[in-house]
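# Fold and geometry: a report
If you want the building blocks of each chain, they are given just below.
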Amino acid sequence: MNIGDTLPPLEIPVTRTLIVAGALASRDYQDVHHDAELARQKGSPDIFMNILTTNGLVGRYVTDRLGPRAVLRKVAIRLGAPNYPGDTMVLTGTVTAVDGDTVEIRVTGANGLGHHVTGTVTAEVAA
């Protein structure tokens, strides 16, 4: 890999099931991630994805593209626009640094509202 290389995009349909399952899998029982009525009462138009699910999807994006020998060493993300059911998040990535077997990738996940997630992932790709 070389600095400036881009990773193929990954489209992820944001379904109600994905949001709820991700929250349950990460033991995040906040009602805004599974109860639409309570989410609306708190000012949200619907339930929305939690950061732990987003973090997992970012990690999956990088490891799926780098192959089975890739090991994540650092994931640093920041959330922006919420991921609501019925939208699609598109993850893209660009290599920003290479040092031997270690690569840093700038990742962006966009949905219909804008950037849902931005950040960097550092991975080691063993030969």
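The next thing to look at is helix 3 (residues 51-66). For helix 3, with 16 residues, the first-to-last C-alpha span of 23 Å sits near the 22 Å given by 1.5 Å per residue. What helix 3 keeps buried is the set Thr53, Thr54, Leu57, Val58, Gly59, Tyr61, Val62 and Leu66. The inward-facing, buried residues of helix 3 contact strand 1 (6-13), helix 1 (16-25), strand 2 (70-79), strand 3 (88-99), strand 4 (102-111) and strand 5 (114-125).

Attention shifts here to the pattern of salt bridges. For the structure on display, the rule yields five salt bridges. Here Asp31 and Lys42 are joined by a salt bridge, their closest N and O atoms 2.9 Å apart. In this pair, Asp31 sits in the loop between helix 1 and helix 2 (36-41) while Lys42 sits in the loop between helix 2 and helix 3, placing the two residues eleven residues apart along the sequence. One salt bridge connects Asp64 with Arg60, and the closest N-O pair in it is separated by 3.3 Å. Here Asp64 pairs with Arg60, and both are found in helix 3, just four residues apart, close to one helical turn. Taking relative accessible area as the criterion, Asp64 reaches 47% and is therefore assigned partly exposed.

Turning our attention to the sheet that holds strand 5. Pairing within the open sheet is antiparallel, and its five strands lie in the order 1-3-4-5-2. Each edge of the sheet is formed by a strand with only one pairing partner; in this case those strands are strand 1 and strand 2. Neighbouring strand axes in the sheet, compared pairwise and without regard to direction, differ in orientation by 20° on average. Here strand 3 runs beside strand 4; their pairing, made up of nine bridges, is antiparallel. Note on strand 4: the bridge partner recorded for Leu91 is Gly109. On the sheet, helix 3 packs against strand 1, strand 2, strand 3, strand 4 and strand 5 and is oriented at approximately 140° with respect to strand 2.

Counting residues in hydrophobic clusters, the biggest one holds 25 residues, and the most contacted among them are Tyr61, Val62, Leu66, Met89, Leu91, Ile105 and Val107. If we skip the residues at most four places from it in the chain, Leu66 touches Met1, Val103, Ile105, Ala123 and Val125.

We now examine helix 1. Along helix 1, the residues that are buried comprise Ile19, Gly22 and Ala23. The buried residues of helix 1 occupy an angular sector of 100° when projected down its axis, which confines them to one face. Among the exposed residues of helix 1, those pointing more than 90 degrees away from its buried face are Thr17 and Ala25.

Here is what the cut-offs are and how they apply
Residues numbered from 1 in each chain as written. Predicted model: local features only at pLDDT ≥ 70, side-chain atom pairs only at ≥ 80, totals over all residues. Heavy atoms only, no water. Helix = DSSP H or I, 4+ residues; strand = E, 2+ residues; numbered from the N terminus. Expected span 1.5 Å × (residues − 1). Buried < 20%, exposed > 50% of the residue type's maximum accessible area, 1.4 Å probe, protein only. Contact = heavy atoms within 4.5 Å. Salt bridge = Lys/Arg side-chain N within 4 Å of Asp/Glu carboxyl O. Pairing = 2+ DSSP bridges. Axes fitted to C-alpha atoms, helices over the stretch in contact; angles between N-to-C directions. Core = buried A, V, L, I, M, F, W, Y, C linked by side-chain atoms within 4.5 Å. Arc of directions from axis to C-beta.

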